[in-house]
Amino acid sequence: VYTIGNQMMEALGMYYRDEGSKDIKGRAVDILRRMGVAAPERRVLDYPHQMSGGMKQRVVGAMAISGTPRVLICDEPTTALDVTIQAQYLRLLKQVQADTGVAIIFITHDFGVVARMCDRVAVMYAGHIVEHGSVRDLFNDPQHPYTQALMDSVPKLEEKVDRLYSIEGQPPLLWDLPEGCLFAERCPHARDKCQEYPPTFAIKEGHTADCWRLDPSW
């Protein structure tokens, strides 16, 4: 088991090979401080099991930005964090982006994170991008049936329902994908035409979707 400092210094050592361990440790402390870790000089001596989930997430973020990347991929970065810690961590990522100019790609199923953090969204189903556009376009005017179903699955405080909406059926097996529209078996609008995979249709500038319903001949 390695301390936080050991793990960070190993990552930093790949980028700053000409620096000594003391300088690299100083860089680790500075990055932890930038990520909002309290008392970073002491924290570099701690082990992961001595930290909370939110603090571990900050350390992982510190390791990720240690090499000054141009693109940072965050795969479900708020998983297992309570709502308050999630908000703090997302604010921190926004600040890191503002300070460094790094582009951040979020992979998430949380529409709250999407609405708060993203400029553009790509909706994926069975490994394919089925709709792409700005956050405003996708939230206000979703065009692909899967995107619409996802939006309908989000509970709304202003609506009282006896049963929450869910998407019927199961996604296809990734190693045995159908030749046509991948969502057809679960889509309430499917027709024979959907046995052929649709092209990408432009709804407006910067907003596209792969669905035959957007074909004028539909």
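Residues numbered from 1 in each chain as written. Predicted model: local features only at pLDDT ≥ 70, side-chain atom pairs only at ≥ 80, totals over all residues. Heavy atoms only, no water.

Visitor: Explain the sheet that holds strand β3 (residues 120–125) residue by residue, including any values.
Guide: Read from one edge to the other, the open sheet built from 4 strands follows the order β3-β4-β6-β5, with strand pairing classed as antiparallel. Of all strands in the sheet, those with a lone pairing partner are β3 and β5 (201–204), marking the two edges. With strand direction ignored, the average angle separating the axes of adjacent strands in the sheet is 25 degrees. Note that β3 and strand β4 (residues 128–134) share 6 bridges and pair antiparallel. The residue bridging V123 from the neighbouring strand is E131, located in β4. Those strands touched by helix α8 (residues 145–152) are β3 and β4, and its axis lies near 105 degrees from that of β3. (Pairing = 2+ DSSP bridges. Helix = DSSP H or I, 4+ residues; strand = E, 2+ residues; numbered from the N terminus. Axes fitted to C-alpha atoms, helices over the stretch in contact; angles between N-to-C directions. Contact = heavy atoms within 4.5 Å.)

Visitor: Run through the layout of surface pockets, naming residues and quoting values.
Guide: Summary: where empty space remains is shown by rolling a probe the size of a single water molecule over the atoms. Quantified by volume, the largest pocket comes out at close to 750 Å³. As for the largest pocket, its lining consists of 26 residues, and the residues nearest its centre are F106, V114, R120, V121 and A122. Counting only elements with at least two residues in the lining of the largest pocket, the list comes to α5 (83–100), β2 (103–107), α6 (111–117), β3, α7 (135–140) and α8. Split by residue class, the lining of the largest pocket holds 18 nonpolar, 4 polar and 4 charged. (1 Å grid on protein atoms, 1.4 Å probe; cavity = no way out; pocket = protein on both sides within 12 Å on 5 of 7 lines; lining within 4 Å. Points joined across faces, edges and corners; volume = space filled by probe spheres on them. Nonpolar A, V, L, I, M, F, W, Y, C, P; charged D, E, K, R; others polar.)

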